[in-house]
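# A structural walkthrough
Chain by chain, the residues run as shown.
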Amino acid sequence: STSAAEGSSSTSAAEGSAAAAPPASQLPGAARFTDTERRRMEVMERRKLDEVAKGKVKSHREQVREFNDYLGSLPEHYDLPKVSKGN
C-alpha cells in the first residue's frame, strides 16, 4: 500500500511541474539552443508564470498610464529661461 501511495504522489508532483513550464525539448526551435540557453529560457518562463500567479503583471494600459504619470512629474528640461542683452 505504501508503494501505491508513493507512486501516486510522485506522479501528481511531476504533472504539476510539467504544467507550470514546458520542457526544453518542447520549446520552439529547441534544437538551435545550447543546454544553458534552454535552462535559462525555462527559468525565465517559470519566473513569468510566478509573477502572473502573484498578480505582479500589469496590463499595457496600466504600464502606459504609470509611464505618463512619471513623465508628467518630470521637470520640463527644454523650457529654458529667456536671456536678453539687458540681463
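As a starting point, this report considers the structure included with it. Remember, predicted model here, so these are calculated numbers, not experimental data.

Within the protein chain, the secondary structure is distributed over three helices and zero strands. For the protein chain, the succession of helices and strands along the chain, N to C, is α-α-α. Put simply, the protein chain has 87 residues, and 7% of those count as buried. Here the protein chain displays about 7900 Å² of accessible surface, and carbon together with sulfur accounts for 54% of that area.

We now examine the pattern of salt bridges. Applying the stated criterion to the full structure yields three salt bridges. Where Lys58 meets Glu66, a salt bridge forms, and the shortest distance between an N and an O atom there is 2.8 Å. When its relative accessible area of 38% is taken as the criterion, Lys58 is described as partly exposed. Glu66 sits in the partly exposed class, given a relative accessible area of 42%.

What counts and how
Residues numbered from 1 in each chain as written. Predicted model: local features only at pLDDT ≥ 70, side-chain atom pairs only at ≥ 80, totals over all residues. Heavy atoms only, no water. Helix = DSSP H or I, 4+ residues; strand = E, 2+ residues; numbered from the N terminus. Buried < 20%, exposed > 50% of the residue type's maximum accessible area, 1.4 Å probe, protein only. Areas by Shrake-Rupley, 256 points an atom, 1.4 Å probe, with all protein chains shown as cover. Salt bridge = Lys/Arg side-chain N within 4 Å of Asp/Glu carboxyl O.

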